[in-house]
Amino acid sequence: MTTRSILHVRLHRVPFALYGETFALLGDITPAVQALPPESALLDVTGALGYFDRTPEGLADLVATRLLARFGLHAAIGGGDSPLLAGLAADTCAPGQTRILGPGTPDTGRFLRSRPVEALPGIGPKLARALARFGITTVGELADLPLATVQRIAGTSTGRLLHERANGHDPRTVVPSGPPAGITAGRRFPTDVLDPDRIRRTLLDLATDLGFRLRTGHKTCRALELQITYADRTGTTRTRTLREPTAHTPHLADTLYGMFAALGLQRARIRAVTARVAHLAPAATGHTQLTLDPGAEDRRTLEPVIDRANHRWGTGTLRPAALTALPSPGGPRRHRAGPAAADRRPYRAARSPIGS
């Protein structure tokens, strides 16, 4: 039986736009490429080893070299004979590093047993605390427990699954799939930005753009991603799953505000902000939870009117009045009200009054 060879490729600071493009490159190595959003991919290179006449280490080096040469992306790559081992190996790699675990070697066994239990897929903080109360903190200690004991702690099905993974058994296969469909909007500043009010208005601008494109495309989204790029070209990416599918601009804006606030960036110099909506679905299949808030319902009712105006006279014809406070590049800074007050101001025509 042929030993499988799996690579887990974790991209470093990949822009949303490039995440999709990297799959064409990875597809040149093997057709078995599975997307693991927002920054990773799983490759089954078992057949590619003979085609390229390379070892798993050599093929991982080829992948890393092509990603760096074509996109300037540094990748952390882990390899093993299962998705589990490949993922655990990638977790220990810094960007630009590679670690391949040989199948069935003593070094691989020692590596797996030394990992903390929370490194295993399926063990979250709550279950890790429950295991710690029994003195189980490493994968090796979990593997040494009788199956019945693990099942009493974690439940029947979860306990069996974790016991198998702790002993290195992972029959999962790589399911070829590209990155999920999404819509991306980004803003790059001409100079680095420290002003939190400016960032907040930019987030509102992104939410307005994404909401308009969702609604005109008759789509809703269930996930929202935010990427912040700093002055030194490093970045931070956060993903949030929404409680219900939406294309409502205020809902998108409030989510982006919360994601940015959770980063706790006080004095960070920001070069660019990018937002992406994912898990798209036809709007006809979605539902809307009534808020019983007259203001929120009025804004929802107003959105189709604004969309029709922007579709007829051009994007940005009508937009939140808070966005008129964004300074033009190289131009004078306009007066800006506080964020909360500005975001409540009504929509205002950004161009000349609309006429027939």
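Right, let's walk through the structure included here. (Residues numbered from 1 in each chain as written. Predicted model: local features only at pLDDT ≥ 70, side-chain atom pairs only at ≥ 80, totals over all residues. Heavy atoms only, no water.)

### Here's the deal with the environment of Thr105
Here's step 1: Take Thr105: it is sitting in the loop between β5 (98-100) and α5 (106-114).
Here's step 2: Thr105 gets classed as partly exposed once you look at its relative accessible area, which sits at 32%.
Here's step 3: Polar side-chain contacts of Thr105 include one of 2.9 Å to the side chain of Thr108. (Helix = DSSP H or I, 4+ residues; strand = E, 2+ residues; numbered from the N terminus. Buried < 20%, exposed > 50% of the residue type's maximum accessible area, 1.4 Å probe, protein only. Polar contact = N/O pair within 3.5 Å; in protein donor to acceptor, adjacent residues only side chain to side chain.)

### Notes on the sheet that holds strand β2 (residues 33-36)
Here's step 1: If you trace the five strands from one edge of the open sheet to the other, you get β2-β3-β1-β4-β5, paired in mixed fashion. For this open sheet the edge positions go to β2 and β5, each flanked by a neighbour on one side alone. When strand polarity is set aside, the average angle formed by the axes of neighbouring strands in this sheet is 15°.
Here's step 2: The pairing of β2 with strand β3 (residues 40-44) spans four bridges and is classified as antiparallel. Paired with Ala35 across the strands is Ala41, a residue of β3. (Pairing = 2+ DSSP bridges. Axes fitted to C-alpha atoms, helices over the stretch in contact; angles between N-to-C directions.)

### Let's talk about the side chain of Arg115
Here's step 1: With respect to the secondary-structure elements, Arg115 resides in the loop between α5 and α6 (125-132).
Here's step 2: One buried charged residue, Arg115, remains without a salt bridge, the closest side chain of opposite sign being Asp91 at 5.5 Å.
Here's step 3: Residues within four places of Arg115 in sequence aside, it is in contact with Thr92, Thr137, Thr138 and Val139. (Lys, Arg positive; Asp, Glu negative; His and termini not counted. Salt bridge = Lys/Arg side-chain N within 4 Å of Asp/Glu carboxyl O. Contact = heavy atoms within 4.5 Å.)

### Let's talk about the nonpolar core
Here's step 1: Grouped together as the largest cluster of nonpolar side chains are 31 residues, with contacts concentrated most on Leu252, Leu256 and Val273.
Here's step 2: Leu252 has contacts with Ala207, Leu210, Gly211, Leu214, Cys221, Leu224, Leu242, Thr246 and Val277, leaving out every residue within four places of it along the chain.
Here's step 3: One finds Ile29, Val33, Leu49 and Leu62 within the second-largest nonpolar core, a separate group that totals 28 residues. (Core = buried A, V, L, I, M, F, W, Y, C linked by side-chain atoms within 4.5 Å.)

### With respect to the pairing of β3
Here's step 1: Across the five residues of β3, four count as buried, placing the element largely inside the fold.
Here's step 2: Where β2 hands over to β3, the hairpin turn is made up of three residues, counted between the paired strands.

### Some remarks on α5
An α-helical segment advances 3.6 residues per turn. Residues three or four places apart therefore align on the same side.
Here's step 1: Those residues of α5 not exposed but buried are Thr108, Phe111 and Leu112. The buried side chains of α5 occupy one side of the element, clustering within an arc of 95° when seen end-on. Opposite its buried face, α5 presents the exposed residues Pro106, Asp107 and Arg110, each directed more than 90 degrees away.
Here's step 2: Each element contacted by the buried residues of α5 is listed here: α4 (83-91), β5, α7 (139-144) and α9 (156-166). (Arc of directions from axis to C-beta.)

### A closer look at the pattern of salt bridges
Here's step 1: Scanning the entire structure with this criterion turns up ten salt bridges.
Here's step 2: Residue Arg213 is joined to Asp209 by a salt bridge in which the shortest nitrogen-to-oxygen separation is 3.7 Å. Here Arg213 pairs with Asp209, and both are found in helix α10 (residues 196-216), just four residues apart, close to one helical turn.
Here's step 3: A relative accessible area of 32% places Arg213 in the partly exposed class.
Here's step 4: One connected set of salt bridges, linked through shared partners, spans Arg187, Asp205, Asp209 and Arg213.

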